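# Residue-level structure breakdown
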Amino acid sequence: MNTLRKHKHAVLLVALVGVGIMESLAIGGCWGRSFPT
Amino acid sequence: MLGPVLSDVTVGTLLLLVFLIVFNRRVNRLIAFMAWATVVVVDWTPYMLPSSPEAPLRLIHHSAVLLLAGFATLVILRNIFEQRVVRVDDILGAMCGYLLAAVAWSHLFMLIEIFSPGSFSVGPGFGASLDTWDGRIAVLNYVSLGSLTSVGSGAVVPVRPPATILTTLEAVFGQFYIAVVVAQLAGARLSQASQRTIPPQA
């Protein structure tokens, strides 16, 4: 827990990059909002 | 159905992380929490009330994310300029600020596309279009990151003001962010190093 608190921006950066990759997959219609519903 | 739900859960969790990690002061936390709660309520309203009007919800969603991401960028920048000791986490924080700025700009572009449809043109062969909300989010995130990094967005171009001038301004913002933040971090690091090497006066 203490390590996470010390590296909190690292956690946020990983989350931002992860969602960014998912968004780029969405451009190709592979994930998330671009799915046909 | 799973795709949009997964997307809404992921975006909601990411914005919650931004709220928990970036904001420390009480007033800032209150503003950020209100923005985050607005995003979550607006995102989940269509699932609870399928007959709810779509356009106002989108307008509120983009405005709230713009507020949260833009405010987070400003707070991160302020923290960088207040730092006397630079740690690795502060440098990662500066990178988060850069990506959050891209998110804020992309939601500004989405608001522009709502008020002035046709502000961006998508070239033939591009995988997503601006016709659907989902496609618009993907395309304008791509445009925003391309503009911020000065790489450009290839097949997607702004064709009408204010989108034309704002994409250019975003590129200027991106350049200055890098220059100013790197200068600040390097300056703080150098002063840290010189303080370590100078022995205290007797």
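Note that this is a predicted model, so its numbers are computed, not measured.

Rules of the game
- Residues numbered from 1 in each chain as written.
- Chains lettered and ligands numbered in written order.
- Predicted model: local features only at pLDDT ≥ 70, side-chain atom pairs only at ≥ 80, totals over all residues.
- Helix = DSSP H or I, 4+ residues; strand = E, 2+ residues; numbered from the N terminus.
- Buried ≥ 20, exposed ≤ 12 C-beta atoms within 10 Å, placed from the backbone.
- Contact = placed C-beta atoms within 7 Å.
- Core = buried A, V, L, I, M, F, W, Y, C linked by C-beta atoms within 7 Å.
- Axes fitted to C-alpha atoms, helices over the stretch in contact; angles between N-to-C directions.
- Parallel < 35°, antiparallel > 145°, perpendicular 65-115°, else oblique.
- Left-handed = near helix turned anticlockwise from the far one by under 90°.
- Nonpolar A, V, L, I, M, F, W, Y, C, P; charged D, E, K, R; others polar.
- Expected span 1.5 Å × (residues − 1).
- pLDDT = per-residue confidence, 0-100.

## Notes on the overall build of chain B
Counting its secondary structure elements, chain B contains six helices and two strands. What you see in chain B, going N to C, is helices and strands ordered as α-α-α-α-β-α-β-α. The principal-axis extent of the C-alpha atoms belonging to chain B is close to 75 × 35 × 25 Å. Buried positions account for 34% of the 202 residues belonging to chain B. Long-range contacts, defined here as pairs at least 24 residues apart, represent 66% of the contacts in chain B between residues at least 6 apart.

## Concerning the overall build of chain A
Secondary structure assignment for chain A yields two helices and zero strands. Of all 37 residues assigned to chain A, the portion counted as buried reaches 30%.

## Considering the nonpolar core
One finds Val18(B), Leu68(B), Ala69(B), Ala72(B), Leu100(B), Ala104(B) and Phe109(B) to be the most contacted residues of the largest nonpolar core, which totals 51 residues. Listed by contribution, the elements that provide at least two residues to this core are helix H2 (8-27) of chain A together with helix H1 (2-22), helix H2 (26-48), helix H3 (54-82), helix H4 (88-115), helix H5 (133-148) and helix H6 (163-197) of chain B. Here the element with the most residues in this core is H4(B); it accounts for 14 residues. Leave out the neighbours within four places in its chain, and Ala69(B) touches Leu100(B), Val103(B), Ala104(B) and His107(B).

## A word on unusual backbone geometry
Each neighbour pair has its own omega, and for Pro161(B) with Pro162(B) the value is 5°, a cis peptide bond. By the element assignment, Pro162(B) lies in the loop between strand E2 (156-158) and H6.

## Re the packing of H4(B) against H5(B)
Residues and elements named next belong to chain B. Where H4 meets H5, the axes come as close as 8 Å, and the angle between the chain directions of the two elements is 125°. Taken together, H4 and H5 sit at an angle that is classed as oblique. Judged by the twist between their axes, the crossing of H4 over H5 is right-handed. Here Ala-101, Ala-102, Trp-105, Ser-106, Phe-109, Met-110 and Glu-113 of H4 come into contact with H5, specifically with Arg-136, Leu-140, Asn-141, Val-143, Ser-144, Leu-145 and Leu-148. In terms of residue class, the contact of H4 with H5 is made up of nine nonpolar, three polar and two charged.

## Description of the environment of Cys96(B)
Relative to the elements of secondary structure, Cys96(B) occurs in helix H4. C-alpha of Cys96(B) to C-alpha of Val159(B): the two residues are 63 residues apart in sequence and 30 Å apart in space. Not counting chain neighbours up to four residues away, the residues in contact with Cys96(B) comprise His9(A), Leu12(A), Leu13(A), Leu16(A) and Ile76(B).

## Some details on H6(B)
With 35 residues, H6(B) should reach 51 Å at 1.5 Å per residue; the first-to-last C-alpha distance of 51 Å fits that figure. Turning to H6(B), the residues buried within the fold contact H3, H4, strand E1 (120-122), H5 and E2 of chain B.

## Side note on the confidence of the model for chain A
Mean pLDDT over chain A: 69, with 49% of residues reaching 70 or higher. Low pLDDT (under 50) marks residues 31-37 of chain A, which in the prediction has 26 contacts with non-local residues, meaning those over four places away or in another chain.

## Quick notes on the packing of H5(B) against H6(B)
Residue and element names in this part refer to chain B. It is at 7 Å that the axes of H5 and H6 come closest, and there the two elements cross at 50°. It follows that H5 is oblique to H6 by the angle criterion. Every residue of H6 that contacts H5 at Val-143, Ser-144, Ser-147 and Leu-148 is listed here: Thr-167, Glu-170, Ala-171 and Gly-174. Looking at the contact of H5 with H6 residue by residue, the class counts come to three nonpolar, four polar and one charged.

## So, the environment of Thr132(B)
Residues and elements named next belong to chain B. Within the secondary structure, Thr-132 is located in the loop between E1 and H5. A tally of 13 C-beta atoms within 10 Å means that Thr-132 is categorised as partly exposed. Thr-132 sits 99 residues away from Phe-33 along the chain, and the two C-alpha atoms are 29 Å apart.

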